Amino acid sequence: MTAKLILSMDGAVIKEYPLTKERTTIGRKPHNDIAIDNLAVSSEHAAVITILNDSFFEDLGSTNGSVVNGAPTQKHFLQNNDVIEIGKYKLKYLNDQPTQTSSADFEKTMVLRAPVKQAKPEDGFNQTQGNVGVAAAKHESTTQFNATAPKVDVAPAPAAAPAAQTPVAIIQILNGPNLGRELELSKNLTTLGKPGVQVAVLARRPHGYFITHVEGASFPLVNGASVGEQPHQLNDHDIIELAGVKMEFYFKT
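About the thresholds
Throughout this document, residue positions are counted from 1 along each chain, in the order its sequence is written. Given that the model is predicted, a residue must reach a pLDDT of at least 70 before its local features are reported, and side-chain atom pairs must reach 80 or more before they are shown or counted; all residues, however, enter totals for whole chains, interfaces and linings. As a rule here, side-chain values come from all non-hydrogen atoms in the structure, and water together with hydrogens is ignored. By definition, any uninterrupted DSSP run of H or I lasting at least four residues is a helix, any uninterrupted run of E lasting at least two residues is a strand, and each is numbered from the N terminus. Buried means the residue's accessible area, taken with a 1.4 Å probe over protein chains only, is under 20% of the maximum for its type, while exposed means over 50%, and partly exposed covers the values in between. For this analysis, residues touch if any pair of their heavy atoms sits within 4.5 Å. Two strands make a pair as long as DSSP finds a minimum of two bridges between them. Here a cavity denotes grid points, spaced 1 Å and computed from the protein atoms alone, that fit a 1.4 Å probe unable to get out, and a pocket denotes an open set having protein on both sides within 12 Å along at least 5 of 7 lines; residues with an atom within 4 Å of a point are the lining. Grid points are joined across faces, edges and corners, and a volume is the space filled by probe spheres set on the points. Amino acid classes used here: Ala, Val, Leu, Ile, Met, Phe, Trp, Tyr, Cys and Pro are nonpolar; Asp, Glu, Lys and Arg are charged; the rest, including Gly, are polar.

Asker: Help me understand the side chain of threonine 24 in this model?
Answerer: With respect to the helices and strands, threonine 24 occurs in strand S3 (residues 23–27). Of the residues examined, threonine 24 reaches a relative accessible area of 6% and is grouped as buried. Residues contacting threonine 24, with those up to four places away along its chain left out, are Leu19, Asp33, Ile34, Ala46, Ala47 and Val48.

Dropping the structure here:
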């Protein structure tokens, strides 16, 4: 069964929305995938990122906020029967498929430090995901990694063997204090950027790597062009610009 959201108000079902897109937007304006014409809903209120069998909810800085399972929420790894509340409306998430990854992969964001003179040291390239491969050890002193997050085992299930057909990719930082730093994209999902400014998801799929905009007023750039709202497939030696940082994407040889 394709994952879906069921929109309701006061117990009455209004419409069902299959999550067939990688990025599904929710908001008051009609251009949203799920348009809710109510003043309590922001123009672009929230988004649901769906990658393989997993979906992640993200409030996009809405005025009145979002609630998931009764608690105010900014980000949430959706699980079957979760209920999102936006104003008086409810969106119930239904998905009976096994997940491919973990909430930690979405909620723990690699924080990029843009090349700003007065940037604080603690705002460094802070990798809080567990077990992300790191190359270029000679740059160890230029980058701070927070290894306090619990180790998360997100190895692909046996059924996901086709993922091996996609070569492991590397991102190399091209500017700023982390110039030359390399990160191996060995997980199914890597979230990177600067929360509150610009965040994107890099997804490793059987037929390649894709970058998807998650948060921020502007979209990431690939080779100088905006990726837009939809997932953009990355090619060898593409140049990504995100949160003021330039990175080169290339396949490991």
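Asker: Please explain the sheet that holds strand S10 (residues 83–86) as it appears in this structure.
Answerer: Strands pair in a sheet through their backbones, by hydrogen bonds, and they do so in one of two ways: parallel or antiparallel. Taken in spatial order, the six strands of this open sheet run S2-S1-S11-S10-S7-S8, and their pairing is antiparallel. In this open sheet, the two strands that pair with only one neighbour each are strand S2 (12–18) and strand S8 (71–72). Relative to S8, strand S7 (residues 67–68) runs antiparallel, the two sharing two bridges. Looking across to S8, one finds that valine 67 is bridged to proline 72.

Asker: Explain the layout of surface pockets to me, please; I cannot follow it from the model alone.
Answerer: A water-sized probe, rolled over the atoms, reveals where empty space remains. In this structure, the largest pocket spans a volume of roughly 220 Å³. Surrounding the largest pocket, 14 residues form its lining, Arg23, Glu44, Leu60, His213 and Gly216 being those nearest its centre. Breaking the lining of the largest pocket down by element, the ones donating at least two residues are S3 and strand S18 (208–215). Tallying contributions element by element places S18 first for the lining of the largest pocket, with three residues. Residues that form the lining of the largest pocket fall into these classes: four nonpolar, six polar and four charged.

Asker: Whenever I open this one, the environment of glutamate 215 confuses me. Can you help?
Answerer: Among the structural elements, glutamate 215 can be located in strand S18. A relative accessible area of 12% means that glutamate 215 is categorised as buried. Between the C-alpha atoms of glutamate 215 and valine 197, which are 18 residues apart in sequence, the distance is 7.1 Å. Those residues in contact with glutamate 215 that sit more than four places away from it in its chain are Glu58, Lys75, Pro195, Gly196, Val197, Gln198 and Val199.

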